[in-house]
Amino acid sequence: MSEPTPVPVNPSDGSPRPAVVPPDRWIFPTPQEHRLANGVRLLVHDLPGQYVVSVRIAIPHALASEPRDREGVATLLARLLDEGTQQHSAEEFAALLERRGIAVGGGASEAGIALDVDVPKRFLRDALDLARQMLAEPAFPENEVRRAVASRLAEIEQERASAPHRAARELIATMYAPTDRASRPTGGSASTVAAVARDDIVAHHARAIGPQGCIVVVAGDLAGLDVAGLVASTLGAWTNPDHVPPSRPAIPAVAADWSRVVVVDRPGSVQSEISIACPGPDRHVDGDAGWSPYPVLGYLVGGSPNARVDAVLREDKGYTYGIRSTFRPRRAGGMFLTSGSVRGDVTVESVSLLVSILDAARGGFDVAEARAGADFVARTAPGRYATADQVADESVMVAVDGLPSSFTTDVLDRMRTVTPQELRTAYERFVDGRWSIVVVGDASAWVDDLRAVRHDVTVVAN
């Protein structure tokens, strides 16, 4: 007769331990959708208990529509939206926001111009009307424009002094064709930003900012509120007959010599910032598994301290505090990026190790590794989307990308069954052994050794 299976017990008091079972399937909150007469698409997420309501407004915008000698005008425009309207001075507008506890932020990216608003539930209507004023009738005061330009120029100088920012800027200039807008900073360069005047911002607002194609997401505890009615009476009254939304962008063109090494010389630097990248997919990538393998692949290769990259360079070698890998999608196309800093004296070995680890991943992942990665990314999703602002951010990103509201749930569901072969196929589809490599550091200390192992090295000044 066989022995009965022992029941696990708590060693502290001998009581039976509860059985551990896999978590139930989790579904990303499904929004109610409305279409307003002026072209605004409204997505409403009712999240009980989330009393700070998050509003996300996204306006499709092509960075390539900026005048070449005024690049950065969209970033300045977005940052100036809350600096006064036709009804209120900048000081009056700031006081209105403060008295109602409304937090506002604006920005521009390759996906569009965004306005983020977070507000206590009882002041939602006020926040929506102030958002309408910011978008429809911004004042762009001359003194605030000068301040925003000066602030952005100072920021550009700070970015040049930051090794990660400097590496990121050199990486896009290396990977993408110089004729493509993707090869240049979203926020413009010092020369183009310095040339922006108030008239440029006003003109860009008139042609680029309007309700057609605009997406509004409202997420929070909305019990007792007619959100569709509130938005219709505020943002629904916004018009701009001159606004024509851009068509879907094309995949950025890569440079003819994108697969090479660029060293940004920073004399005296005791660390080296390394960025290694190749073209990657966007979220519309086709295939049976779609987008679902790519977050898992980023996690397995370099998405945590337990990933392959850190297992060697951090845990085994002690060369770094951490290096991360991620598949970074754009609206069209994307990038597979690995980046981080190492001790200056191990720069060459670190570059070689990183390339070998990234290339070796083309050999695939075993069942246990693949399952652990997929489980982590899929099963931590409820924590990543636990608050209204996180739900709103994800929802607006999906909508701007032209994807269905079920996209996040569909990806998580598919991720739970992704196979090692699907991971390998997805990785090999974009990773073929060619890399754009940028190293920011003291070139005099190691560039000759780097040239001995990499024959395509170019050195540029910081």
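See the structure shown above.
The structure displayed is predicted, hence computed values, not measured ones. (Residues numbered from 1 in each chain as written. Predicted model: local features only at pLDDT ≥ 70, side-chain atom pairs only at ≥ 80, totals over all residues. Heavy atoms only, no water.)

**A closer look at the overall build of the protein**
So, point 1. Each helix and strand in the protein was counted, giving 17 helices and 12 strands.
So, point 2. The C-alpha radius of gyration of the protein comes to 25 Å, within 12% of the 23 Å expected for a compact globule of 462 residues.
So, point 3. Seen through its principal axes, the protein has C-alpha atoms that stretch 75 × 70 × 45 Å.
So, point 4. Across the protein, contacts joining residues at least 24 apart in sequence account for 80% of those joining residues at least 6 apart.
So, point 5. As displayed, the protein has an accessible area near 20,800 Å², and 53% of this comes from carbon and sulfur atoms.
So, point 6. In the protein, the 47 positive side-chain charges and the 59 negative ones have mean positions that sit 2 Å from each other. (Helix = DSSP H or I, 4+ residues; strand = E, 2+ residues; numbered from the N terminus. Rg over C-alpha atoms; globule rule 2.2 N^0.38 Å. Contact = heavy atoms within 4.5 Å. Areas by Shrake-Rupley, 256 points an atom, 1.4 Å probe, with all protein chains shown as cover. Lys, Arg positive; Asp, Glu negative; His and termini not counted. Charge placed at Lys NZ, Arg CZ, Asp CG, Glu CD.)

**Some words on helix α12 (residues 367-379)**
Because an α-helix completes one turn every 3.6 residues, residues spaced three or four positions apart along the sequence face the same direction.
So, point 1. In this model α12 runs 17 Å from its N-terminal to its C-terminal C-alpha over 13 residues, within 8% of the 18 Å that 1.5 Å per residue would give.
So, point 2. On its buried face, α12 is in contact with α9 (293-302), α13 (381-384), α15 (407-415) and α16 (420-430).
So, point 3. The opening residue of α12 is D366, an N-cap whose side-chain oxygen sits 3.2 Å from the backbone nitrogen of A368. (Expected span 1.5 Å × (residues − 1). Polar contact = N/O pair within 3.5 Å; in protein donor to acceptor, adjacent residues only side chain to side chain.)

**Focus: the pattern of salt bridges**
So, point 1. Scanning the entire structure with this criterion turns up 39 salt bridges.
So, point 2. D200 is the partner of R70 in a salt bridge, and the nearest nitrogen-oxygen pair spans 3.1 Å. Of this pair, R70 sits in the loop between β3 (52-59) and α1 (73-80) while D200 sits in helix α7 (residues 198-208), placing them 130 residues apart in sequence.
So, point 3. Assessed through its relative accessible area of 21%, R70 is described here as partly exposed.
So, point 4. A salt bridge links R181 to E71; the nearest nitrogen and oxygen atoms lie 3.5 Å apart. Of this pair, R181 sits in the loop between α5 (163-175) and α6 (190-194) while E71 sits in the loop between β3 and α1; the two residues are 110 residues apart in sequence, bridging distant segments of the chain.
So, point 5. A residue is classified by how much of its surface remains accessible, and R181, at 8% relative accessible area, is buried. (Salt bridge = Lys/Arg side-chain N within 4 Å of Asp/Glu carboxyl O. Buried < 20%, exposed > 50% of the residue type's maximum accessible area, 1.4 Å probe, protein only.)

**Quick notes on unusual backbone geometry**
Leave glycine aside and you will find that most residues have negative phi; peptide bonds, for their part, are mostly trans.
So, point 1. A positive phi is found at F140, a non-glycine position, where the angle reads about 50°.
So, point 2. Residue position: F140 is located in the loop between α3 (124-136) and α4 (142-161).
So, point 3. On the accessibility criterion, F140 (2% relative accessible area) is buried.

**What to know about the layout of surface pockets**
Rolled over the atoms, a probe sized like a water molecule indicates the empty space that remains.
So, point 1. Space inside the second largest pocket adds up to approximately 550 Å³.
So, point 2. Considering the residues around the second largest pocket, the lining is formed by 25 residues, among which W291, P295, V377, R384 and Y385 are closest to the centre.
So, point 3. Elements represented by at least two residues in the lining of the second largest pocket include exactly α9, β9 (323-329), α12, α14 (388-400) and α15. (1 Å grid on protein atoms, 1.4 Å probe; cavity = no way out; pocket = protein on both sides within 12 Å on 5 of 7 lines; lining within 4 Å. Points joined across faces, edges and corners; volume = space filled by probe spheres on them.)

**Description of empty space enclosed by the protein**
So, point 1. This model, assessed by the stated rule, comprises 1 cavity of 30 Å³ or more.
So, point 2. Its boundaries defined by the atoms lining it, the largest cavity holds a volume of some 60 Å³.
So, point 3. What lines the largest cavity is simply F28, R41, L43, E394, S395, V398, A399, L403, P404, S405 and T408.
So, point 4. At the level of secondary structure, the elements contributing two or more residues to the lining of the largest cavity comprise β2 (41-46) and α14.

**Focus: the environment of V21**
So, point 1. Positionally, V21 belongs in the segment before β1 (32-35).
So, point 2. Residue classification places V21 among the exposed residues on the basis of a relative accessible area of 60%.

**Here we look at the sheet that holds strand β6 (residues 215-220)**
Backbone hydrogen bonds are what pair the strands of a sheet, in a parallel or an antiparallel way.
So, point 1. As summarised here, the arrangement of the 6 strands in space is β1-β2-β6-β3-β5-β4, forming an open sheet in which the pairing is mixed. One side of each edge strand has no neighbouring strand; the edge strands of this open sheet are β1 and β4 (103-109). Each neighbouring strand pair of the sheet contributes to a mean axis angle of 15°, computed without reference to strand direction.
So, point 2. Examined bridge by bridge, β3 and β6 share 5 bridges and lie antiparallel to one another. When the bridges of β6 are listed, A58 appears paired with I215. (Pairing = 2+ DSSP bridges. Axes fitted to C-alpha atoms, helices over the stretch in contact; angles between N-to-C directions.)

**A few points about the packing of α9 against α16**
So, point 1. The N-to-C vectors of α9 and α16 enclose an angle of 85°; their axes lie 10 Å apart at closest approach. With respect to α16, the axis of α9 lies roughly perpendicular. Residues P293, Y294, V296, L297, L300 and V301 of α9 touch α16, and the partners they reach there are E422, L423, A426, Y427, R429 and F430. (Parallel < 35°, antiparallel > 145°, perpendicular 65-115°, else oblique.)

**A look at the pairing of β2**
So, point 1. The buried fraction of β2 is high, at 5 of 6 residues.
So, point 2. Here β1 runs beside β2; their pairing, made up of 4 bridges, is antiparallel. The partner of R35 across the bridge, within β2, is R41.
So, point 3. Hairpin remark: β1 followed by β2, antiparallel, with 5 residues in the connecting loop; positive phi at G39, about 105°.
So, point 4. Note that β2 and β6 share 6 bridges and pair parallel. Looking at β6, one finds that D46 is bridged to G220.

**Side note on the side chain of R181**
So, point 1. A polar side-chain atom of R181 sits 2.8 Å from a polar atom in the side chain of E66.
So, point 2. Side-chain polar atoms of R181 contact the backbone oxygen of R184, separated by 3.1 Å.
So, point 3. Not counting residues within four places of it along the chain, the set of residues in contact with R181 comprises L63, A64, E66, E71, G72, T186 and G188.

**Here's the deal with the pairing of β6**
So, point 1. A large share of β6 lies buried, amounting to 6 of its 6 residues.
So, point 2. A two-sided burial pattern is seen for β6, the buried positions comprising I215, V217 and A219 on one face and V216, V218 and G220 on the other.

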